[in-house]
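# Reading the structure
Each chain, written out:
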Amino acid sequence: MHVTALTSRHKALGAKMTPFAGFQMPLVYSTVSEEHQAVRNACGIFDVSHMGEFIIKGREALELVQLISSNDAATLDIGEAQYSCLPNHHGGIVDDLLIYRLDEDQCAEGEQSFMLVVNASNIEKDLQWLETHNRFDTRIINISDKTGLLAVQGPKAAEVLQPYIEMDLKDISYYTFRKTSVEGCDNVLLSATGYTGAGGFELYATSESIVKIWDALLDGQRADITPCGLGARDTLRLEMGYCLYGNDIDNETSPLEAGLGWITKLKKPVFHGREIFLKQKEEGVVKNLVGFVVKDRRVPRKGYRIMNGEDIDIGTVTSGTFSPTLEKPIGMGYVKRGYNKTGQEILISTGRKSLQATIVKTPFLK
Amino acid sequence: MNLPAKLKYTNEHEWIKIDPEVSTDDQTVAIIGITDFAQQELGELVYVEVETVGEQLAKDEVFGTVEAVKTTSDLFMPVAGKVIAFNPELNEAEGDNPGMVNEEPYASGWIIKIALDNPADLEGLLSAEDYQAVIS
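Residues numbered from 1 in each chain as written. Chains lettered and ligands numbered in written order. Predicted model: local features only at pLDDT ≥ 70, side-chain atom pairs only at ≥ 80, totals over all residues. Heavy atoms only, no water.

### Details of the pairing of strand S11 (residues 185-191) of chain A
Residues and elements named next belong to chain A. Condition: The buried label goes to any residue with under 20% of its type's maximum accessible area, the exposed label to any with over 50%, and the partly exposed label to all in between, with areas taken from a 1.4 Å probe on protein chains only. What counts as a helix is a DSSP run of H or I of at least four residues, what counts as a strand is a run of E of at least two, and both are numbered from the N terminus. Between any two strands, pairing holds if DSSP finds at least two bridges.
Most of S11 sits inside the fold, with five of its seven residues counted as buried. By the bridge criterion, five bridges tie strand S10 (residues 177-182) to S11 in an arrangement that is antiparallel. Bridge assignment links Thr180 to a residue of S11, and that residue is Val188. Where S10 folds back onto S11 in an antiparallel hairpin, the turn is made up of two residues, including Glu183, whose phi is positive at roughly 50°. Bridge count between S11 and strand S12 (residues 200-206): three bridges; the pairing is antiparallel. Looking at the pairing, Leu190 lines up with Leu203 of S12.

### A closer look at the pairing of strand S16 (residues 313-323) of chain A
Remark: a regular strand shows side chains that alternate across the two faces of the sheet. Residues and elements named next belong to chain A. With nine of eleven residues buried, S16 is to be regarded as a mostly interior element. Linking strand S15 (residues 305-307) back to S16 in an antiparallel pair, the connection comprises five residues, with Asp311 at a positive phi of about 70°. Bridge analysis of S16 against strand S17 (residues 328-336) gives eight bridges, and the strand direction is antiparallel. Across the sheet, residue Phe322 finds its bridge partner in S17, namely Pro329. Hairpin connection between S16 and S17: a loop of four residues separates the two successive antiparallel strands, and Glu327 in this loop has a positive phi of roughly 55°.

### Quick word on the pattern of salt bridges
Residues and elements named next belong to chain A. Quick reminder of the rule: Within this document, salt bridges are pairs made up of a side-chain nitrogen of Lys or Arg and a carboxyl oxygen of Asp or Glu, the two lying within 4 Å of each other.
One pass over the full model with this rule turns up 21 salt bridges over all chains. Between Glu111 and Arg139 there is a salt bridge; the shortest N-O distance is 3.5 Å. One end of the pair, Glu111, is in the loop between strand S6 (93-101) and strand S7 (112-118); the other, Arg139, is in strand S8 (residues 138-142), with 28 residues separating them in the sequence. Residue Glu111 is classed as buried on the basis of its relative accessible area of 13%. A salt bridge links Glu275 to Arg274; the shortest N-O distance between them is 3.8 Å.

### Digging into the packing of aromatic side chains
Residue and element names in this part refer to chain B. Selection criterion: Only Phe, Tyr and Trp rings take part, Trp by its six-membered ring, and two of them pair if their centres are within 6.5 Å. Stacked means planes under 30 degrees apart, edge-to-face means over 60, and tilted covers everything else.
Per the counting criterion, the structure on display carries eight aromatic pairs over all chains. Considering the side-chain rings of Tyr9 and Tyr131, the 5.0 Å spacing of their centres and the 10° angle between planes classify their relative orientation as stacked. Separated by 122 residues along the polypeptide, Tyr9 in strand S1 (residues 8-9) and Tyr131 in helix H3 (residues 128-135) bring together distant segments of the chain. Tyr131 matches Tyr9 in its accessibility class, with the two residues each being buried. Seen in terms of ring centroids, Trp15 and Tyr106 are 6.1 Å apart; in terms of plane orientation they differ by 50°. Their pairing is tilted.

### Regarding the domain arrangement of chain A
By convention, interface size is frequently given as the accessible area that disappears when the constituent parts associate. Test applied: Marked domain ranges trace back to an automatic or database domain assignment.
Entries for chain A in the domain assignment read domain 1 (52-140) and domain 2 (286-360). Domain 1 of chain A and domain 2 of chain A are separated by 35 Å when their C-alpha centres are compared.

### A look at the nonpolar core
All names here are of chain A. Basically, it comes down to this: By nonpolar core is meant a set of buried Ala, Val, Leu, Ile, Met, Phe, Trp, Tyr and Cys residues that side-chain atoms within 4.5 Å join together. Contacts were defined at the residue level, with two residues in contact if any of their heavy atoms lie within 4.5 Å.
Counting 46 residues, the largest nonpolar core has Tyr100, Met115, Tyr204 and Ile249 as its most contacted members. Residue-level mapping places this core at the junction of two domains, with at least three residues from each of domain 1 (52-140) and domain 2 (286-360). If we skip the residues at most four places from it in the chain, Met115 touches Glu53, Phe54, Ile55, Leu98, Ile99, Tyr100, Leu102, Ile143, Leu189 and Tyr204.

### A short note on the interface of chain B and chain A
Selection rule: A quick way to say it: buried area is the sum, across both parts, of accessible area lost when two parts are put together, with a 1.4 Å probe. Three residue categories are used. Nonpolar comprises Ala, Val, Leu, Ile, Met, Phe, Trp, Tyr, Cys and Pro, charged comprises Asp, Glu, Lys and Arg, and polar comprises the others, including Gly.
In this complex, chain B contributes 21 residues to the contact, which on the side of chain A involves 15 residues. Across the chain B/chain A interface, buried area totals approximately 1500 Å², and carbon plus sulfur atoms make up 39% of it. Among the residues chain B hides against chain A, the three largest losses belong to Glu44(B), Val69(B) and Lys70(B). Together they make up 37% of the total. On the surface where chain B and chain A come into contact, there are nine salt bridges. Residue Asp234(A) pairs with Lys70(B) through a salt bridge whose shortest N-O separation is 3.4 Å. Those elements that place two or more of their residues in the side of chain B that touches chain A are helix H1 (36-42), strand S4 (45-49), strand S6 (62-68) and strand S7 (72-76) of chain B. Its residues assigned to classes, the side of chain B that touches chain A shows seven nonpolar, five polar and nine charged.

### Comments concerning the layout of surface pockets
Residue and element names in this part refer to chain A. As a reminder of what qualifies: Here a cavity denotes grid points, spaced 1 Å and computed from the protein atoms alone, that fit a 1.4 Å probe unable to get out, and a pocket denotes an open set having protein on both sides within 12 Å along at least 5 of 7 lines; residues with an atom within 4 Å of a point are the lining. Grid points are joined across faces, edges and corners, and a volume is the space filled by probe spheres set on the points.
Put simply, the second largest pocket is a space of about 600 Å³. If you trace the second largest pocket, you find 21 residues lining it, with Ile55, Leu102, Ile143, Lys179 and Asn187 closest to the centre. Among the secondary structure elements, those contributing two or more residues to the lining of the second largest pocket are strand S4 (52-58), S7, S11 and S12. Tallied by class, the residues present in the lining of the second largest pocket amount to nine nonpolar, six polar and six charged.

Here is the structure:
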């Protein structure tokens, strides 16, 4: 089992630890709803150092990224990031990821450099996938083991972080990033991204720096920053309708089915799965990922069947939780073509009983 | 971990005790809840569902369900009996406070009361010491 540089800190804070993607990670420190509300209303800090990071660097770095990614990395300026996915050859998804276009200080003349941030559960699979398709003049460097990641999220994230950073955080707009110094640690990649919908930043740095920054931020009697675990990370992302790899998207789901058409740039001439996605766009997809709100207080769980009013099986639940903000159970799942209309009444079968639910537009939180 | 010595326990992380206040010569009433260990493992409960009040159930039959943020878990009868009450504090229509199970699993957070088929059935259950071994 892998650990992060902060494992002893989590244990000292009394976190309940859980194995996740081969890592020992904090699930919850106090309660999921307290941590969730801290992020929605103030500021929470997550250790997400389990995430994987690869550097793609070389004269044809862009060509490799363009081939394997559904989004268009040619639109990225240095200092910008984008969400994307790695399609496989049959129209499924190898992984979803963030792509950062890095500065070229460390590059030789004519080279470009990108950082790919991938799911911890897929690091080996992704690396193999990238290497298999790297017929370009470019290198793939896996920096996952030495790279830590903190997510500082919430409406007060900038206020909490600002005292530790020289540059004005207001200058970092959404989905852009800077290399900066934080609490005396150089070369911290500070990115205005996140997985909570609450705004804030993600900080990539060496494991050593991550510990220093964590200690500085949580030091003293700061009431305005709350350590948060994977439990709250899941409720926060689900309220926003963000996909979780392994639940809502996987090797068998198409980005168009998952509502990720916006990161699937069919105008880009060459990338994996393009022909399949063009055909899906033309003919329509066979199933759609939808969000739904359950009327009863029962929580929908992954794998529960979705039925229509006539008790005909129309799909499967892929994620579900009790939304702390809406105080209602919410979920996402795939339904057969034609059943994805907003307002459509559906039934969720727990195996023993049927729960009434209504399809709603995501994000659940407006 | 809080494990009152006077209670009986099950491998399914429930506790049971005789309720002397409402027991009569004709009927022995027992109170059932989940253990401190169980509520910690489940995390915050968002809902407790019991739709078996009035039903006669066998040992190990499902009498209800608890919903935590991350998981759903069935509740099993530690012994045979008739379900005669569901804690109004937890009931959505009344107290609507499932978090009471997290706060006071052995007191205000009790889940059901049953009329025991056979009070001697309790002797077959786990002592606090036995249960301690189950969870450690």
